[in-house]
Amino acid sequence: SYPYHFQYLKLKIKQYISENTVPSNTYPLGRPKNQDLIEPIDEIRPATLEDLWTDAPDMLPIEDDQTTWWEVWLLRLEHGEDTLGEFLKHAKETGLETNGQTLQFPDRFVLLVKSSKRLLTNSLPKFNTIAELRCPKESAHFFMNDLKSGEQAEWVDDLLKRTHYRATENSPHIAILDTGVNREHPLLKNALTSQDLHGIHQPGDVADKDGHGTEMAGLALWGDLADPLAGTIPIAIRHRLESVKILSKDNANQDPTLYGLLTMEAVSRPEITHPQRSRVFSMAVTADDDRDHGKPSSWSSTLDSLASDSDYYGKNPRLMIVSAGNVNIEDWPYYPAINSRRGIHDPGQAWNILTVGAYTEKTNIVERGGPYRPVASAGALSPFSTTSATWERPWPLKPDILFEGGNIGKDAYHTLTFDSLSLLTTHHEPHRHLLSLSNMTSAATALAARMAAQLMAQYPHFWPETIRGLMIHSAEWTEVMKQMYKQGNLKGDYENLIRHCGYGVPNLDRARWSASNALTMIAQDELKPFKQGPSSIVYNEMNYYKLPWPHQELQQLGPTLVEMRVTLSYFIEPNPAQGNYVSRYSYCSHGLRFDVIRPGESERQFRARINKLAKEEEEDNITTAPDAGWQIGPKLRSLGSIHSDRWQGTAADLASLGVIAVYPVSGWWKNRKVPGKFDSMARYTLLVSIHAPELELDLYNVVKNQITTQIAV
């Protein structure tokens with residue numbers, strides 16, 4: 001029906017037979033063009049249903065004659081053919097049921113079709129434009145409103161039968177600092193022992209009477225429960241939970257407290273009980289406003305101290321994940337303008353923590369009534385999420401990352417919350433209800449802690465600084481975020497984007513694995529920033545790395561555009577007693593920076609430029625011109641204690657960017673001669689990725705074959 005598709009394939013085969021790529025040292029005569037595309041093909045045949053299925057294989061329905069819903073993705077062709085109309089016509093003739101709703105994207109139509117596996121398989125020859133088949137997503141509304149209590153239990157039992165608890169006492173634990181957790185819930189009991197329930201107000205007061213902590217526990221363990229409940233595949237859980245009750249309605253009218261001390265005590269409880277455990281602390285508790293405007297508070301400074309373990313000379317740093325805080329309900333009608341004016345809540349301004357904001361992909365409102373429409377578009381900043389758009393430099397770029405936090409909807413008069421726009425989680429009274437709803441930056445924070453624990457389970461030797469860096473390094477902005485908050489490509493445009501959306505939405509698979517055309521190298525290292533000079537404390541060390549780039553292969557690609565991303569993650573020791581913070585170095589113990597050698601620059605010239613940069617930054621008078629290839633640039637990316645940036649250019653230029661430096665800049669360790677501090681070691685994690693889109697070249701294995709020794713110089 002669509003012969004130009006076959007003409008395109010015919011062209012690729014013809015080029016493979018008759019044309020070669022540019023000769024190189026590896027391939028003196030060149031390679032057959034399209035070799036990697038054509039040679040793996042064993043046969044050409046009509047696509048089967050299994051070929052078109054792009055979700056996890058185990059999610060494909062097993063029973064041939066069981067009727068179920070399918071998410072059908074149709075090609076949207078350039079030549080004006082009515083592919084949707086043709087599909088609907090054949091669907092009606094064949095007896096397939098559709099629900100009348102269609103999503104439209106530049107290259108795809110997406111609709112739901114109700115059919116048995118057998119009927120859909122037999123109908124495939126009529127449907128030439130099906131690009132993909134997927135499992136439709138269930139919303140929280142279905143589980144909360146369409147199921148009775150007993151039916152909820154059946155779905156939960158099915159999930160438990162498919163679940164394998166692979167976590168042990170030595171596996172990562174998520175310590176939830178909240179209103180407590182009720183561990184008798186069947187979805188939590190196997191991952192949370194009674195000995196891991198702690199409280200800091202009254203002896204034995206560990207039960208969750210408010211619900212929030214148990215909701216966080218469900219999300220931290222399972223993610224949005226609508227997905228695993230609706231699935232059919234086996235699930236392996238490799239992390240466990242701990243709970244510290246720090247809030248309760250019973251304590252609401254007590255005298256004020258220093259939340260820094262409260263948090264210190266909360267952190268100490270599970271560590272005293274099990275000091276050797278690997279854990280991530282998750283706290284969705286914040287102040288109710290942004291009166292600090294990014295400046296350190298006693299609470300945020302305490303979190304910085306806890307993360308860096310400054311009281312014990314950095315021996316046991318901690319990974320701490322905290323919510324950004326939420327926009328008040330009365331401000332919801334003014335989205336998105338109000339989010340720019342509502343600042344991140346204390347202690348979200350802490351430098352060393354991961355501060356989590358919310359975005360949303362939830363836009364399908366299934367509730368009756370209306371008409372309703374979602375307030376935020378799919379992929380946009382959630383209406384609940386606060387930002388650092390009003391903060392001035394030198395305060396950090398916050399939030400760091402975004403996770404799903406739900407959406408709100410509206411009719412002609414009101415903004416409303418909807419079950420279908422919320423996340424599904426565990427209820428704190430399982431004898432009455434098994435399932436509950438959650439949203440806002442609290443839910444996003446629990447999801448972030450879950451991803452951190454999953455990475456820790458896979459890479460147990462990674463430091464907290466590494467996990468934090470890896471999550472930011474894997475994050476991407478959606479197109480909607482860029483349309484909302486980045487009007488151009490100037491550094492100020494990127495600052496506006498980051499102060500609203502952080503570095504984007506982390507991707508677990510991208511954080512876990514390298515790919516053939518996108519690889520990541522990780523160095524966990526340390527240096528001693530300062531030493532005693534003849535009359536004052538002076539700079540001491542910097543580290544250089546020679547990167548094992550595939551030089552010949554990159555040069556062969558010539559003008560092809562590629563990307564390099566660099567992320568530097570470290571913890572500072574805070575000093576919040578500096579009055580009005582007249583210097584950007586008053587609060588942090590030290591700073592670290594990275595820079596990359598430039599095309600045509602010798603290593604000697606590179607070292608001289610780095611020394612000049614360190615001096616200029618201390619004097620706050622940077623005159624050295626930045627490399628135009630960097631997206632964010634050295635001034636903006638230097639805020640806070642994690643620095644991430646992208647370089648974009650040609651593959652030929654990237655081939656010459658083979659040396660990267662990590663060097664210190666000033667801080668109170670240098671400016672205040674405190675015994676035992678100025679000569680401290682500073683550890684860090686450096687992550688470097690290269691990404692060459694749509695290439696046949698296998699960069700990963702080329703680099704892997706080059707690495708035979710450590711890359712640090």
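Parameters at a glance
- Residues numbered from 1 in each chain as written.
- Predicted model: local features only at pLDDT ≥ 70, side-chain atom pairs only at ≥ 80, totals over all residues.
- Heavy atoms only, no water.
- Helix = DSSP H or I, 4+ residues; strand = E, 2+ residues; numbered from the N terminus.
- Contact = heavy atoms within 4.5 Å.
- Lys, Arg positive; Asp, Glu negative; His and termini not counted.
- Charge placed at Lys NZ, Arg CZ, Asp CG, Glu CD.
- Pairing = 2+ DSSP bridges.
- Axes fitted to C-alpha atoms, helices over the stretch in contact; angles between N-to-C directions.
- Polar contact = N/O pair within 3.5 Å; in protein donor to acceptor, adjacent residues only side chain to side chain.
- Core = buried A, V, L, I, M, F, W, Y, C linked by side-chain atoms within 4.5 Å.
- Buried < 20%, exposed > 50% of the residue type's maximum accessible area, 1.4 Å probe, protein only.
- Phe/Tyr/Trp six-rings, centres within 6.5 Å; stacked < 30°, edge-to-face > 60°.

Draft legend 1. Representation of the overall build of the protein chain within the structure. Helix and strand counts for the protein chain stand at 23 helices and 28 strands. By principal-axis analysis of the C-alpha atoms, the protein chain measures approximately 90 × 75 × 50 Å. Sequence separation of 24 or more characterises 79% of the internal contacts of the protein chain that already satisfy a separation of 6 or more. Within the protein chain, one finds 72 positive and 87 negative side-chain charges whose respective centroids are separated by 4 Å.

Draft legend 2. Representation of the sheet that holds strand 28 (residues 682–691) in the model. A sheet is described by the order of its strands in space; here four strands give the open sequence 20-28-24-26, paired in antiparallel fashion. One side of each edge strand has no neighbouring strand; the edge strands of this open sheet are strand 20 (518–527) and strand 26 (642–650). Pairs of neighbouring strands in the sheet enclose a mean axial angle of 15 degrees, with direction left out of account. Sheet topology note: the strand 20/strand 28 ladder contains 10 bridges and is antiparallel. Note on strand 28: the bridge partner recorded for Q524 is T685. Where helix 14 (residues 464–473) meets the sheet, it contacts strand 20, strand 24 (561–569), strand 26 and strand 28, and its direction lies at approximately 30 degrees from that of strand 28.

Draft legend 3. Molecular detail of the environment of S115. In this structure, S115 sits in strand 3 (residues 108–116). When the C-alpha positions of S115 and P333 are compared, they lie 40 Å apart, and in sequence the two are 218 residues distant. In contact with S115, other than residues within four places in its own chain, are Q66, T67, T68, W70, L96 and L120. Within the structure, the side chain of S115 is placed 3.4 Å from the backbone nitrogen of L120, a separation counted as a polar contact.

Draft legend 4. Examining the nonpolar core more closely. By size, the foremost hydrophobic cluster in this structure holds 85 residues, and its most contacted members are L241, I401, F403 and M471. Residue contributions to this core peak at 11 residues, all from helix 13 (residues 440–458). If you look at the next biggest cluster of nonpolar residues, it comprises 51 residues, including Y545, C588, I597 and V688.

Draft legend 5. Structural detail: helix 14. Within helix 14, 10 of the 10 residues are buried, which leaves the element mostly enclosed by the surrounding structure. Of the residues making up helix 14, those classed as buried are P464, E465, T466, I467, R468, G469, L470, M471, I472 and H473.

Draft legend 6. Focus on the packing of aromatic side chains. Under the defined criterion, the tally for this structure stands at 12 aromatic pairs. Here F143 and W155 contribute two aromatic rings whose centre-to-centre distance is 5.1 Å and whose plane-to-plane angle is 90 degrees, an arrangement assigned as edge-to-face. Of this pair, F143 sits in helix 6 (residues 140–146) while W155 sits in helix 7 (residues 149–161), and the two are 12 residues apart along the sequence. Both rings, one in Y459 and one in F462, keep their centres 4.7 Å apart while their planes meet at 15 degrees; by these two values the pair is stacked.

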